[in-house]
Amino acid sequence: FCTELQKKIPDASISLRSYTTDLYIINAVSESNPYLTKKIYEKLIIDSRNCLKDIALPIHPKEFASRIFKNTDRFVSEMDWFNLEDAFYDTVVHMPCIESPDNLEDFFTLEELQGWWKLSNYQFYNFASTEAYKDLTCSLVRDFVTMADEDAAAGVDVRLRFGHDMVLFSLLELMDINGWGGKYQGIEDVSNNWHTYDIPMASNLRMVLYKNRKGETIGKFMYNEKEVTLPIESGTAPYYNWEDIKA
């Protein structure tokens, strides 16, 4: 990205920084996060898995495996069919990221694809929306605030941060951008209101700061190039006073 940006703006001075000690800012569950304990991490994983218990969906791993293997009986004691189909589904949903003529979706029925998406979506929600994970994501928000003021004083025009979708999920939840932080109960309620596909590949959250005629700093946020709102009272939304944003 930065290489292409440099081509577009040859005179730009771009510096890159990739330190392990900074990783926790863009990856809350990084081992380098000083706020993350083993107990908190294990609870996050356990809670995200427990949410899938007792959910009845049209998923039939053994039947799915029979579409791949001629004889599944010989593998019964050696294969975890659920994990096989789970891994296969994970591969399918990432296929659009590569230019491949293969269509692995054909191994699934439409009903199965819908069921697996509901499971995946629900698990993402239960991980990203937990108070523990959002607390960890606060490191990123603190970095926004701290570096914005420092960059403004130092004459730095743009600061870019690159991370995974899970971080963005939790960030939108934490900041309640466009009402993203809603609370939902059960897999159907989550499926109807909270969607992983609302954060596609290359999604981005942009914070833009301005100086108005009074010399005050105001800011707005843009998600995937579209203006969004914050849960802050403002007569000029989506523009907000910088001091109110920091508060």
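Let us look at the structure shown here. All figures in this text were calculated on a predicted structure; none of them were measured in a lab.

**What to know about the pairing of strand S1 (residues 205–211)**
Two elements, S1 and strand S2 (residues 217–223), share 7 bridges in a ladder whose sense is antiparallel. If you follow Leu-205 over to S2, its bridge partner there is Tyr-223. Hairpin connection between S1 and S2: a loop of 5 residues separates the two successive antiparallel strands, and Gly-215 in this loop has a positive phi of roughly 85 degrees.

**Details of helix H9 (residues 186–193)**
Those residues of H9 lying buried are Ile-187, Val-190 and Ser-191. Buried residues of H9 fall within an arc of 100 degrees about the axis and therefore sit on the same side. Buried residues along H9 sit in contact with helix H6 (110–128).

**Focus on a nonpolar patch on the surface**
A grouping of Phe-1, Val-158, Leu-160 and Phe-162 is seen on the molecular surface, where their side chains present a nonpolar patch of about 450 Å² in accessible area. Considering the arrangement of structural elements, one finds Phe-1 in the segment before helix H1 (2–8). Here Phe-1 falls in the exposed class, since its relative accessible area comes to 63%.

**Thoughts on the environment of Ser-139**
Position of Ser-139 relative to the elements: it lies in helix H7 (residues 131–154). With 115 residues separating them in the primary sequence, Ser-139 and Tyr-24 have C-alpha atoms 7.4 Å apart. In this structure Ser-139 touches Tyr-24, Ile-25, Asn-33 and Tyr-35, once residues within four positions along its chain are discounted.

**Some thoughts on the nonpolar core**
In terms of nonpolar packing, the biggest core is built from 48 residues, with Phe-108, Leu-172 and Leu-205 touching the most fellow members. Listing elements by their share of this core, those giving two or more residues are helix H2 (23–26), helix H5 (81–94), H6, H7, helix H8 (165–175), H9, S2 and helix H10 (242–246). In terms of residue count, the dominant contributor to this core is H6 (8 residues). If we ignore the near neighbours within four places in the chain, the residues touching Leu-205 are Leu-168, Leu-171, Leu-172, Met-175, Ile-177, Phe-221, Met-222 and Tyr-223.

**Observations concerning the pattern of salt bridges**
Enumeration over the complete set of coordinates arrives at 10 salt bridges. The closest approach of N and O atoms between Arg-161 and Asp-143, which form a salt bridge, is 2.8 Å. Residue Arg-161 is located in the loop between H7 and H8, and its partner Asp-143 is located in helix H7; the two are separated by 18 residues in the primary sequence. The class for Asp-143 is buried, based on a relative accessible area of 16%. Linked by salt bridges that have partners in common, Glu-63, Arg-67 and Glu-112 make up one network.

**Considering H8**
A large share of H8 lies buried, amounting to 9 of its 11 residues. All of the buried residues along H8 are Met-166, Val-167, Leu-168, Phe-169, Ser-170, Leu-171, Leu-172, Glu-173 and Met-175.

**Details of the pairing of S2**
Judged by how many residues are buried, S2 sits mostly within the fold: 5 of 7 residues are covered. In the sheet, S2 pairs with strand S4 (residues 240–241) via 2 bridges, with the strands oriented antiparallel. When the sheet's bridge partners are listed, Gly-219 is paired in S4 with Tyr-240. Relative to strand S3 (residues 226–228), S2 runs antiparallel, the two being bridged by 3 bridges. Bridge pairing links Met-222 to Glu-227 in S3. The turn joining S2 and S3, which pair antiparallel and follow one another in sequence, is formed by 2 residues; a positive phi near 50 degrees is taken by Asn-224.

**Some points on the packing of H6 against H8**
Where H6 contacts H8, the two axes come as close as 9 Å, and the packing angle between them is 60 degrees. Judged on the interaxial angle alone, H8 and H6 are oblique. Read as a crossing pair, H6 and H8 show a hand that is right-handed. Between H6 and H8, the contacting residues are Phe-124, Tyr-125, Phe-127 and Ala-128 on the first element and Asp-165, Met-166, Phe-169, Ser-170 and Glu-173 on the second. Here the residues of the contact of H6 with H8 sort into 6 nonpolar, 1 polar and 2 charged.

Calculation criteria
- Residues numbered from 1 in each chain as written.
- Predicted model: local features only at pLDDT ≥ 70, side-chain atom pairs only at ≥ 80, totals over all residues.
- Heavy atoms only, no water.
- Pairing = 2+ DSSP bridges.
- Helix = DSSP H or I, 4+ residues; strand = E, 2+ residues; numbered from the N terminus.
- Buried < 20%, exposed > 50% of the residue type's maximum accessible area, 1.4 Å probe, protein only.
- Arc of directions from axis to C-beta.
- Contact = heavy atoms within 4.5 Å.
- Patch = residues over 30% accessible without salt bridge, like charges linked within 9 Å, V, L, I, M, F, W, Y side chains within 5 Å.
- Areas by Shrake-Rupley, 256 points an atom, 1.4 Å probe, with all protein chains shown as cover.
- Salt bridge = Lys/Arg side-chain N within 4 Å of Asp/Glu carboxyl O.
- Core = buried A, V, L, I, M, F, W, Y, C linked by side-chain atoms within 4.5 Å.
- Axes fitted to C-alpha atoms, helices over the stretch in contact; angles between N-to-C directions.
- Parallel < 35°, antiparallel > 145°, perpendicular 65-115°, else oblique.
- Left-handed = near helix turned anticlockwise from the far one by under 90°.
- Nonpolar A, V, L, I, M, F, W, Y, C, P; charged D, E, K, R; others polar.

Geometry only, nothing functional implied.
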